[in-house]
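# Overview (structure and organization)
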Amino acid sequence: MKNALKPRVFVIPKEVSGISEGLKGAGFRAYLVGGCVRDLILGLRPKDWDITTDATPDDIAKVFPKTFYENEYGTVGVVNDEAEESLKVVEVTPFRKEIGYSDSRRPDRVVFGGTLEDDLKRRDFSINAIAMDIKDTKDGECDVEVIDNHQGLKDISSRTIVAVGKPEERFAEDGLRLLRALRLSAELGFKLETETAEAIKKHASVIKKIAMERVRDEFVRIIMSDRPGDGFRMAESLGVLKHVIPELSQAVGVEQNKAHSFDVFEHLIRAVEHSAKRGYSLEVRLASLFHDIGKPPARRWSEEKGDWTFHGHDVLGAKMTVKILERLKFQNKVIDKVSRLVLTHMFFTDTEKITLSAVRRLVAKVGKENIWELMNVRAADRIGTGRPKESPYRLRKYHSMVEEAMRDPITVSMLRVDGSRIMEIAGLKPGPRVGYILHALLEEVLDAPEKNTREFLEEKTRELSALPEEELKEAGERGKERRETEEDKELSKIRKKYWVK
Ligand code: ATP
Ligand code: MG
């Protein structure tokens, strides 16, 4: 075999090496290929495992007890119910040879009976076109022979993505490869080789032929990678972004007001980079990327201020976000959350002037379940603007107010009896005595929460109602004071947590 390299030892799960053994035992050849080989060499944990073989789909099905045909390319899923999740199905595909790609999405015809060389030649990038032949297995460690016809090992060590064969042809053939190149670059931190990058630039419009679901999947992988900013900057500079999210491309060079050092695009990119650095959710990352997407169309020059204004960019941006995410076929749940985050990202944080009820209104607008993610979007927005501190006093104070606004305050409504029940038991008309009794009961319950039962409280009500007016009033006042002390304690606990007064 040409380019066969010295054997090396790798840790390969027995579910995978077992399939190679099974095929070889039946007289076939079998090789690990694709992303799993790349990841093994990089010392990463492969997400899935692929095997290629000279066996036909029917041959494969005969060798293993439980299999199913996965697609029209002859891939057979070998099933192992006992294995851990990522190994439950291992894909085994006969050596592929493809004929023609007239629609830039899928081969016109796939023929079996190719060779390993054919199979490696039709793969996208050299780093994904290395094969491993498992020679020997001992305690999960495998001696392998590496077959590297396209110099993938060299490109892995120089951390470069290089198309297999003629880059132009390969991208013209299948537009998904363009996005895969950007995604792999963002995930692995690899650069694009010059000719490969040039070819992407030249054929960027092929993207338009790709199913939106597949575009979305690659887009999600870029935004969930450690380097979404690099991915989107590269997508922009290679002319790919305008075919995926033109709204974002239109933010390039859009100058902001004097408070900002970056244009809208760079600001959004920095915001999403911060979200990735913090490991935030998909929704927060999307909202970071889109929070100011309404700015380019909302921008107006104000003679009075001698500066740009962006009135209504939050409302407009939320609408644009819905459009973009619907186009990319995101789930409604995701669209709803991200657009709410974009809509509310402008909340006013002057804690000197803001009231708790204003904070409550914001919580109601964005939704209780989304409020902390909104705080994360705001932190990303800040960092994206170039401010050094993620959480200055003002924002910490705001967080503390959010927590205050969301907690259930200590009041007599916590009691398992209410005013009307008390009037019934004590034979009272509405008046201050009812309040005294409620507060006296609250004091009991604050001392011993297990006393908050109907039975205990009703019995206690009878006792209290028999007290003379003065004594009952005193008990009520004590309860009120106690309630205030407890409230203060809870509030200072929250404020202490955020280091604010
Ligand atoms: P990961 O599993 O981390 O997503 P991967 O490179 O393994 O990355 P898969 O979608 O699992 O991606 O594909 C397995 C292999 O199939 C790739 O490594 C590559 O060799 C080949 N491949 C996938 N998509 C294409 C494509 N569009 N054109 C050519 N080859 C492809
Ligand atoms: Mg894979």
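Sequence order sets the numbering: in each chain, residues are counted from 1 along the sequence as written. The order in which chains are written sets their letters, starting at A; the order in which ligands are written sets their numbers, starting at 1. Thresholds applied to this predicted model are a pLDDT of at least 70 for local features of residues and 80 or more for the giving and counting of side-chain atom pairs; totals over whole chains, interfaces and linings are not thresholded and use all residues. Only hydrogens and water are set aside; all other atoms, that is, all heavy atoms of the structure, feed into the side-chain values.

### Comments concerning the packing of aromatic side chains
Centres within 6.5 Å are what make two rings of Phe, Tyr or Trp a pair, Trp counting through its six-membered ring; a difference in plane orientation under 30 degrees is then read as stacked, over 60 as edge-to-face, and the rest as tilted. By the definition in use, this model includes six aromatic pairs. With a centroid separation of 5.0 Å and 80° between ring planes, the pair formed by Trp301 and Trp308 is classed as edge-to-face. With 4.8 Å between their ring centres and 35° between their planes, Phe347 and Tyr398 make a pair best called tilted. With a gap of 51 residues between them, Phe347 in the loop between helix 17 (332–344) and helix 18 (356–366) and Tyr398 in helix 20 (residues 393–406) connect regions that are remote in the sequence. Chaining the aromatic ring pairs together yields one cluster made of Phe219, Phe232 and Phe330. Comment: elements are numbered from the N terminus, with helices defined as DSSP H or I runs of at least four residues and strands as E runs of at least two.

### Comments concerning the packing of helix 9 (residues 212–223) against helix 10 (residues 228–237)
The description of two packed helices rests on the angle between their axes and on the distance between the axes. Orientation is described by lines fitted to C-alpha atoms, with helices fitted over the stretch in contact, and by angles between N-to-C directions that extend from 0 to 180 degrees. Between helix 9 and helix 10, the shortest axis-to-axis distance is 7 Å and the interhelical angle comes to 130°. In terms of their interaxial angle, helix 9 and helix 10 are classed as oblique. Judged by residue contacts, Phe219, Ile222 and Ile223 of helix 9 engage Pro228, Gly231 and Phe232 from helix 10. Three residue categories are used. Nonpolar comprises Ala, Val, Leu, Ile, Met, Phe, Trp, Tyr, Cys and Pro, charged comprises Asp, Glu, Lys and Arg, and polar comprises the others, including Gly. The class makeup of the residues in the contact of helix 9 with helix 10 is five nonpolar, one polar and no charged. Working definition: roughly parallel below 35 degrees, roughly antiparallel above 145 degrees, roughly perpendicular at 65 to 115 degrees, and oblique for all remaining angles. In what follows, a contact means two residues having at least one pair of non-hydrogen atoms within 4.5 Å.

### Remarks on the pairing of strand 6 (residues 89–94)
Strand direction decides the pairing type here: strand 3 (residues 50–53) and strand 6, joined by four bridges, are parallel. Looking across to strand 6, one finds that Thr52 is bridged to Thr93. For two strands to be treated as a pair, DSSP must find no fewer than two bridges joining them.

### Brief notes about the site of ligand 1
Around ligand 1, the structure places 15 residues, and the nearest of them are Arg38, Asn128, Asp174, Arg177 and Arg221. Separating an oxygen atom of ligand 1 from a side-chain N or O atom of Arg38 is a distance of 2.9 Å. The definition of a polar contact used here is a pair of N or O atoms within 3.5 Å, where within protein one atom must be able to donate a hydrogen and the other to accept one, and adjacent residues in sequence count solely through side-chain atom pairs. Take Arg221: an N or O atom from its side chain is 2.6 Å from an oxygen atom of ligand 1. Note on areas: Shrake-Rupley, 1.4 Å probe, and residue coverage restricted to the protein chains presented here. For ligand 1, whose free accessible area comes to 580 Å², the fraction covered by protein is 83%. For the shell around ligand 1, the secondary-structure elements that each account for two or more residues are helix 2 (35–42) and helix 7 (176–188). Residue contributions to the shell around ligand 1 peak at three residues, all from helix 7. A breakdown of the residues in the shell around ligand 1 according to their chemical character gives no nonpolar, three polar and twelve charged. No fewer than three residues from each of domain 1 (4–158) and domain 2 (167–244) sit in the shell around ligand 1. Here, proximity means that at least one heavy atom of the residue falls within 4 Å of the molecule or strand. Start and end positions for the domains come from either an automated domain assignment or a database one.

### Things to note about the sheet that holds strand 5 (residues 76–79)
Spatial ordering of the open sheet is given by 1-10-9-2-3-6-5-4, a layout of eight strands whose pairing is mixed. The strands lining the two open edges of the sheet, one partner per strand, are strand 1 (8–11) and strand 4 (67–69). Adjacent strand axes in the sheet meet at a mean angle of 40° when their direction is disregarded. Examined bridge by bridge, strand 5 and strand 6 share four bridges and lie antiparallel to one another. Across the sheet, the residue bridging to Val78 is Val90, located in strand 6. Against the sheet, helix 1 (residues 14–25) contacts strand 2 (30–33), strand 3, strand 5, strand 6, strand 9 (131–138) and strand 10 (141–147), and its axis sits at roughly 95° relative to strand 9. Contacts from helix 2 reach strand 1, strand 2, strand 3 and strand 9 within the one sheet, and its direction differs from that of strand 2 by about 70°.

### Focus: the pattern of salt bridges
Oppositely charged side chains may form a pair once their charged atoms are brought near each other. Here, a salt bridge means any side-chain nitrogen of Lys or Arg that lies within 4 Å of a carboxyl oxygen of Asp or Glu. A complete count under the given rule lists 45 salt bridges for this structure. Among the ionic pairs, Lys460 bridges to Glu463, the shortest N-O distance being 3.2 Å. In this pair, Lys460 and Glu463 are both assigned in helix 23 (residues 454–465), three residues apart and thus about one turn of the helix distant. Burial status follows relative accessibility: with a 1.4 Å probe on protein chains alone, a residue under 20% of its type maximum counts as buried, one over 50% as exposed, and anything between as partly exposed. Since its relative accessible area comes to 45%, Glu463 is described here as partly exposed. Through salt bridges with shared partners, a single network forms among Asp230, Arg233, Glu266, Arg270 and Glu273.

On their own, these measurements won't tell you what the molecule is for.
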